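Take a look at the letters that make up each chain.
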Number of protein chains: 2
Amino acid sequence: MSSAIAVGATIPSVKVKENSPAEAAPLSLTGKNLIVGVPGAFTGVCHAQIPGFIKNYDNFKAKGINEIFVTAVNDAFVTKAWKADLAPGGTPVRFIADDKAEFTKALGLDMDATNVLGGPRSQRFVIVTDGDKVSKLIVEPDFHEYTVTSADQVLTQL
Amino acid sequence: MSSAIAVGATIPSVKVKENSPAEAAPLSLTGKNLIVGVPGAFTGVCHAQIPGFIKNYDNFKAKGINEIFVTAVNDAFVTKAWKADLAPGGTPVRFIADDKAEFTKALGLDMDATNVLGGPRSQRFVIVTDGDKVSKLIVEPDFHEYTVTSADQVLTQL
């Protein structure tokens, strides 16, 4: 675990997965975006936190957000299943699999979750980007909760 | 990856998880049991293979099987979500999270799935136990398929 990425720094160009476990590419960041990092698909708190971003998608768009990426250190089959579970009718929110934790580690936002989840995972955070630059970083102090990283709270920061 | 466990050997007493990511215990093996190892929850092939074991549960019981354990190198949140997805009405088939791959490695039945799934995973296999001793080991030659490890084929071996 290194230090967290600084405001103004460039989002690392590390490959992640979305629709297929066989295809990997860096996030394509144009305009303002949200990167919402979560400790794990299907975990209780993440499962409660993320619906806020799905439900408020239009409110984020109205604030000028181009894309919302939810990133998790899970494989692409699991993130796809999680998306389908949270949004059976579909959602423009994009669910991203950082299956080797390389993106999360490059952001300096990983944590050791070996005891509970078997390996390294992501801290709970929200990054606002301007293009591929970090314009705001919000890290949840206790990853068991979502307070400052709730969709409602993030909306007030935009 | 070491060699696979031999017929007659004792199932290693390695802790795995079932209902909670915070509770770990070795499998409790009494009488004849099946251990069905799969590469990953929610992956296409496993998602097609495991319903056969759920549907045929009574047929396995009629052949003297005490418990069916489906084991995967996933965390306990994911294996619980997978069970709920495959058996919305519930099933006595037990879904086991080997989140650190320690059980799978102790069986010598792990494989490197870093490129596709981010880390070590389980080969596709079925072990029949007599108490905690291996009485039969069936390993799928190509883990992308399920032929000899299908529920129907395993039933003919009991």
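Residues numbered from 1 in each chain as written. Chains lettered and ligands numbered in written order. Predicted model: local features only at pLDDT ≥ 70, side-chain atom pairs only at ≥ 80, totals over all residues.

Enquirer: Which residues make up the overall build of chain A, and what values go with them?
Expert: Within chain A one finds 6 helices and 7 strands. Listing each helix as α and each strand as β along chain A from the N terminus yields β-α-α-β-α-β-α-β-α-β-β-β-α. Compactness check: chain A gives a C-alpha radius of gyration of 14 Å against a globular reference of 15 Å for 158 residues, within 12% of the reference. Based on the C-alpha atoms only, the size of chain A along its principal axes is roughly 40 × 35 × 30 Å. Per-residue burial for chain A yields a buried fraction of 44% across its 158 residues. Expressed as a percentage of contacts within chain A between residues at least 6 apart in sequence, the contacts between residues at least 24 apart total 68%. (Helix = DSSP H or I, 4+ residues; strand = E, 2+ residues; numbered from the N terminus. Rg over C-alpha atoms; globule rule 2.2 N^0.38 Å. Buried ≥ 20, exposed ≤ 12 C-beta atoms within 10 Å, placed from the backbone. Contact = placed C-beta atoms within 7 Å.)

Enquirer: I'd like to hear about the nonpolar core, residue by residue, with values.
Expert: Among the nonpolar cores identified, the biggest contains 76 residues, and V70(A) and V70(B) are the most heavily contacted of them. The contact partners of V70(B), leaving out residues within four places of it in the chain, are V36(B), V38(B), I50(B), F53(B), V93(B), R94(B), F95(B) and I96(B). (Core = buried A, V, L, I, M, F, W, Y, C linked by C-beta atoms within 7 Å.)

Enquirer: So what's going on with helix α1 (residues 44–55) of chain B? Which residues, and what values?
Expert: Structural remark: α-helix, 3.6 residues per turn; residues separated by three or four positions point the same way. All names here are of chain B. All buried positions along α1 are accounted for by C46, Q49, I50 and F53. Taken down its axis, α1 places every buried residue within 95 degrees of arc, on the same side. In this structure, α1 carries G44 and A48 as exposed residues pointing more than 90 degrees from its buried face. On its buried face, α1 sits against β3 (32–38), α2 (57–62), β4 (65–72), α3 (76–86) and α6 (151–156). (Arc of directions from axis to C-beta.)

Enquirer: Describe the sheet that holds strand β1 (residues 32–38) of chain A, with residues and values.
Expert: All names here are of chain A. Spatial strand order, β3-β2-β1-β6-β7: 5 strands in an open sheet with mixed pairing. The two strands at the open ends of the sheet, each matched to only one other strand, are β3 (94–97) and β7 (133–139). Taking each pair of neighbouring strands and ignoring which way they run, the sheet shows an average axis angle of 20 degrees. The sheet contact formed by strand β2 (residues 65–72) and β3 spans 4 bridges and is parallel. Bridge pairing links V70 to F95 in β3. This element, helix α1 (residues 44–55), spans β1 and β2 of the sheet and lies at about 165 degrees to β1. Its contacts with the sheet put helix α3 (residues 76–86) on β2 and β3, and the angle it makes with β3 is roughly 160 degrees. (Pairing = 2+ DSSP bridges. Axes fitted to C-alpha atoms, helices over the stretch in contact; angles between N-to-C directions.)

Enquirer: Explain the pairing of strand β8 (residues 125–130) of chain B residue by residue, including any values.
Expert: Residues and elements named next belong to chain B. For β8, the tally of buried residues reaches 5 of 6 residues, placing the bulk of the element in the interior. Sheet analysis places β3 next to β8, joined by 6 bridges and oriented antiparallel. Paired with V36 across the two strands is V126, which belongs to β8. Here β8 runs beside strand β9 (residues 133–139); their pairing, made up of 6 bridges, is antiparallel. Bridge pairing links V126 to I138 in β9. As consecutive antiparallel partners, β8 and β9 are separated by 2 residues, and within that stretch G131 has a phi angle of approximately 60 degrees, a positive value.

Enquirer: If you had to explain the interface of chain B and chain A to someone new, which residues and values would you point to?
Expert: Each side of the interface is counted separately: chain B has 17 residues, and chain A has 17 residues. For the side of chain B that touches chain A, the secondary-structure elements that each account for two or more residues are α3 and α5 (114–117) of chain B. When grouped by side-chain class, the residues that make up the side of chain B that touches chain A number 9 nonpolar, 5 polar and 3 charged. (Nonpolar A, V, L, I, M, F, W, Y, C, P; charged D, E, K, R; others polar.)

Enquirer: Describe α3(A), and please don't skip the residues or the numbers.
Expert: Of all 11 residues in α3(A), 8 are buried; the element is thus mostly enclosed. What α3(A) keeps buried is the set A76(A), F77(A), V78(A), T79(A), K80(A), A81(A), W82(A) and K83(A). Residues of α3(A) that are buried make contact with β2 and β3 of chain A together with α3 of chain B.

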